[in-house]
Amino acid sequence: MDENTGLFHGLTVVEFASVLAGPSVGQFFAEMGAEVLKIENLKTHGDVTRRWKLSSEDSATSVSAYFASANWGKKSVCLDLSASEVREVVRRILAKADIVLASFKPGDAEKLQMDYASVFQINPKIMYGHITGYGSQVPRAGYDAVLQAEAGFMYLNGERGGPPLKMPVALIDLLAAHQLKEGLLAGLYKRERTGQGCYVEVSLLKAAIASLANQATNYLVAGKAPERMGSEHPNIVPYGTIFQTADGKELVLAVGDDRQFQSLCQVLGKPQLADEPAYKTNNQRVQNRDSLNLQLRESVAFFPQEELLAALVERNVPAGAVHTIPEALIQPLAQPQLLLNAEGKPKGVRQVAFTGQDSLPLSLSEPPALGQDTWQVLQERARLTPQELQKLAQNQLIFPSDQKIEN
């Protein structure tokens with residue numbers, strides 16, 4: 001395989017998805033070499049995240065910062081799927097595609113004849129990845145913030161005694177995206193063996209419940225309903241706890257065993273603390289977390305952050321600085337994860353975070369302006385003539401070719 005083309009070179013992905021979950025999967029396949037055709041609704045001006053802009057963003061461009069978080073390496077095809085002649089054109093593309101990514105609202109895929117059953121009739125090898133809110137049988141759209149609340153994440157997030165909080169990223173969307181990637185990759189393996197495509201459905205609710213991990217089993221096994229604890233960990237102490245250093249900076253400890261706790265106490269100049277009966281084992285530290293955290297806060301406050309972190313790392317005690325986003329992104333080890341624009345400036349984040357012989361980072365095109373590839377894709381993939389394209393454009397069924405494209 002040519003290392004410059006990617007493992008999935010030659011694979012065609014048709015994306016009928018918007019916002020974050022489905023588009024994240026689309027960008028994953030683009031980063032791995034697939035051609036990703038993003039089908040956008042002409043009537044609603046494309047993916048809604050194109051208009052989710054910060055106050056500092058240019059109102060004229062169709063590529064917002066949010067849109068850029070999950071749409072690198074794609075081609076934008078903007079058309080009106082409600083028109084039968086347009087649906088027929090799209091079906092020509094689907095007949096030779098490999099993967100469909102869909103996040104239609106309940107019932108919409110069937111109305112448009114873009115559901116799995118309809119696509120399977122023209123392409124039995126199709127891999128159809130469908131993201132729903134609560135499952136295809138539940139006529140209710142899913143929204144990340146609502147699912148964070150309903151799946152218990154929002155209840156758990158926040159300070160002890162404080163109100164529940166939404167997490168600052170659309171975590172449920174991202175969890176569902178990872179689940180769909182896994183399902184589609186499993187389906188591709190099956191197709192290699194059988195020649196048959198398949199339907200893979202991931203609901204936001206199931207993805208969220210599957211990710212409750214130890215918080216769910218703390219209740220199911222131990223019978224204790226989890227409560228808000230700030231950044232504290234219910235099973236380990238000190239783990240996730242934030243401490244302030246002498247120079248007013250913050251660091252987090254993630255001490256997972258007794259040996260690490262002993263090393264921590266030695267670095268802090270309090271070796272005797274690790275031998276106290278109340279703190280000698282993790283179980284005892286969990287039972288006496290408040291008194292232990294008080295003593296640790298007093299000790300940490302004597303050290304500058306950089307000096308203390310260096311000493312902890314040297315002794316293999318898990319600890320780290322609490323970074324702002326700009327500080328996180330300028331870390332040398334974070335640089336390979338950033339996507340660069342034509343001027344060489346970092347303007348995006350890669351979805352692929354693993355490394356291997358078949359996952360070498362590819363150069364990706366920047367997130368597409370709305371409809372910028374419509375005519376090219378319809379000519380190449382659906383074999384439409386310039387005259388046919390012009391007629392569809394005159395009838396306002398596809399994105400006009402002569403409209404100025406902002407990027």
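The protein goes by CoA transferase in an unreviewed UniProt entry, where it is assigned to Rufibacter latericius.

> With reference to specific residues and values, describe helix 12 (residues 289–300).
Along an α-helix, residues three or four apart share an orientation, since each turn contains 3.6 residues. Helix length check: helix 12 (12 residues) gives 16 Å between terminal C-alpha atoms against 16 Å at 1.5 Å per residue, within 8%. All buried positions along helix 12 are accounted for by Arg289, Leu292, Asn293, Leu296, Ser299 and Val300. Burial along helix 12 is one-sided: seen end-on, the buried residues are contained in an arc of 125°. Exposed residues pointing more than 90 degrees away from the buried face of helix 12 are listed as Asp290 and Leu294.

> Let's hear about the nonpolar core: which residues, and what values?
Residues Phe8, Phe29, Ile99, Phe153, Leu180 and Leu184 are the most contacted members of the largest nonpolar core, which totals 35 residues. Of all the elements in the fold, those that place two or more residues in this core are helix 1 (21–31), strand 4 (99–102), strand 5 (127–132), helix 7 (171–194), strand 6 (198–203) and helix 8 (204–210). In terms of residue count, the dominant contributor to this core is helix 7 (seven residues). Residues contacting Leu184, with those up to four places away along its chain left out, are Val25, Phe29, Ile99, Leu101, Met127, Tyr128, Gly129 and Val200. One finds Ile39, Trp375, Leu397 and Ile398 within the second-largest nonpolar core, a separate group that totals 33 residues.

> Go over the environment of Leu308, please, and point to the residues and values.
As for its position among the elements, Leu308 is in helix 13 (residues 305–314). The class of Leu308 is buried, set by a relative accessible area of 1%. For Leu308 and Thr281, which are 27 residues apart along the polypeptide, the C-alpha to C-alpha distance reads 23 Å.

> Mind laying out the confidence of the model for the protein, listing which residues take part and the relevant values?
Of the residues in the protein, 98% reach a pLDDT of 70 or more, and the chain-wide mean stands at 93. Scored below 50 in pLDDT, residues 403–407 shows 12 contacts in the model against residues more than four places distant or in partner chains.

> If you had to explain the packing of aromatic side chains to someone new, which residues and values would you point to?
Under the criterion given, the structure shown has eight aromatic pairs. Between Tyr116 and Phe120, the ring centres sit 5.7 Å apart and the planes meet at 50°, which makes this aromatic pair tilted. Taken together, the residues Tyr116 and Phe120, both in helix 4 (residues 116–122) and four residues apart, mark about one turn of the helix. Its relative accessible area of 21% is what places Tyr116 among the partly exposed residues. You can call Phe120 partly exposed: its relative accessible area is 28%. Measuring from ring centre to ring centre gives 5.5 Å for Tyr116 and Tyr199, while their planes differ by 45°; the resulting arrangement is tilted. Placement of Tyr116 in helix 4 and of Tyr199 in strand 6 is noted, with a sequence separation of 83 residues between them.

> Got a sec to walk through helix 15 (residues 374–381)? Specific residues and values, please.
Listing the buried residues of helix 15 in full gives Thr374, Trp375, Val377 and Leu378. Projected onto a plane normal to the axis of helix 15, the buried residues spread over an arc of 165° and lie on a single side. The positive-phi residue at the C-terminal boundary of helix 15 is Arg383, with phi of around 60°.

> Break down the pairing of strand 11 (residues 346–349) for me, with residues and values.
Bridge count between strand 10 (residues 338–340) and strand 11: three bridges; the pairing is antiparallel. Within strand 11, the position partnered with Leu339 by the bridge is Gly348.

Definitions and limits used
- Residues numbered from 1 in each chain as written.
- Predicted model: local features only at pLDDT ≥ 70, side-chain atom pairs only at ≥ 80, totals over all residues.
- Heavy atoms only, no water.
- Helix = DSSP H or I, 4+ residues; strand = E, 2+ residues; numbered from the N terminus.
- Expected span 1.5 Å × (residues − 1).
- Buried < 20%, exposed > 50% of the residue type's maximum accessible area, 1.4 Å probe, protein only.
- Arc of directions from axis to C-beta.
- Core = buried A, V, L, I, M, F, W, Y, C linked by side-chain atoms within 4.5 Å.
- Contact = heavy atoms within 4.5 Å.
- pLDDT = per-residue confidence, 0-100.
- Phe/Tyr/Trp six-rings, centres within 6.5 Å; stacked < 30°, edge-to-face > 60°.
- Pairing = 2+ DSSP bridges.

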